[in-house]
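# What the coordinates show
These are the residues of each chain, in order.
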Amino acid sequence: MGNTKSSALSKDLLEELKSNTKYSESELCTWYQSFLKECPGGKISKQQFEGIYASFFPDADPSKYARHVFRSFDTNADGTLDFKEYIVALHLTSGGKTLQKLEWAFALYDVDGNGTISKNEILEIVRSIFNMIPADDQKNLPEDENTPEKRAEKVWEFFGKKDNDKISEGEFIQGVMENKDILRLIQYDEPQKIKDKLKEKKQ
């Protein structure tokens, strides 16, 4: 299946990913082989990425959230994720350092990429998160956060902003670090589900 050069990770990239993520050399090599199997061209398109998320959430609709996650990790904005972008995405969504995760979360919520977050942008991402929560689970949410609008309002009130104000990256990171409740409201806690799926694929 192809020559060894195309199916092996370059030493430089391997070293970079080992130092920037929590993955070992053997894990990265295993990931790379499965990545090439799924994406022989070495790139994941937005549609393929959405397909991966869809397989993780069969009982919900993760397409909008997947689109936003894809955008936040497509660092060179070429419409695809290469192996490096893909591994960084996995690392940050499943166990990156808090500051790294919050910088990524800010990029996720900064939908138009202008360096600030508006109330509408928070509502857009929160709506995409709600699409991934099965209807039965939504019924068990607290009264004051059982709709995207209520949850977005709660986040916005925490930052003490007026409707047309904006949140800067510094404010966002500081605010979330000081209040774990906000972290819970702004993220979809998918890492364990994704880890379990990946284990299944490896076996």
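Residues numbered from 1 in each chain as written. Predicted model: local features only at pLDDT ≥ 70, side-chain atom pairs only at ≥ 80, totals over all residues. Heavy atoms only, no water.

### Side note on the packing of aromatic side chains
Applicable threshold: Stacked, tilted and edge-to-face are the three classes applied to pairs of Phe, Tyr and Trp rings, where Trp contributes its six-membered ring and a pair requires centres within 6.5 Å; stacked means planes under 30 degrees apart, edge-to-face means over 60, and tilted covers the rest. Burial classes: relative accessible area under 20% of the type maximum marks a residue as buried, over 50% as exposed, and values in between as partly exposed (1.4 Å probe, protein chains only). Secondary structure elements follow DSSP: runs of H or I of four or more residues count as helices, runs of E of two or more count as strands, with numbering from the N terminus.
Summed over all chains, the structure comprises 10 aromatic pairs. Considering the side-chain rings of Tyr-23 and Trp-31, the 5.8 Å spacing of their centres and the 50° angle between planes classify their relative orientation as tilted. Take Trp-31: its relative accessible area is 8%, and that puts it in the buried class. With a centroid separation of 5.3 Å and 65° between ring planes, the pair formed by Phe-35 and Phe-83 is classed as edge-to-face. In this pair, Phe-35 sits in helix α2 (residues 25-38) while Phe-83 sits in helix α5 (residues 83-95), placing the two residues 48 residues apart along the sequence. Among the residues examined, Phe-35 registers a relative accessible area of 3% and is labelled buried. Take Phe-83: its relative accessible area is 4%, and that puts it in the buried class. Three or more aromatic residues joined by ring pairs form one cluster here, namely Phe-106, Tyr-109, Phe-158, Phe-159 and Phe-172.

### So, the confidence of the model for the chain
We apply this condition: Within a predicted model, pLDDT stands for the predictor's per-residue confidence, ranging from 0 to 100. Contacts are assigned to residue pairs with any non-hydrogen atoms lying within 4.5 Å of each other.
When pLDDT is averaged across the chain, the result is 82; 87% of the residues are at 70 or more. Contacts for the low-pLDDT stretch residues 1-6, under 50 throughout, to residues beyond four places or in other chains number two contacts. Low pLDDT (under 50) marks residues 191-195, which in the prediction has eight contacts with non-local residues, meaning those over four places away or in another chain.

### Observations concerning the nonpolar core
Going by this rule: Put simply, a nonpolar core is a bunch of buried Ala, Val, Leu, Ile, Met, Phe, Trp, Tyr and Cys residues held in one set by side-chain atoms that sit within 4.5 Å of each other.
In this structure, Phe-83, Tyr-109, Ile-122 and Phe-172 are the most contacted members of the largest nonpolar core, which totals 56 residues. Aside from chain neighbours lying at most four places away, what touches Phe-83 is Leu-9, Leu-13, Leu-17, Leu-28, Trp-31, Tyr-32, Phe-35 and Gly-42.

### Here's the deal with unusual backbone geometry
If you check the backbone angles, Ala-77 has positive phi at about 50° while not being a glycine. Of note, Ala-77 is situated in the loop between α4 (63-73) and β2 (80-82).

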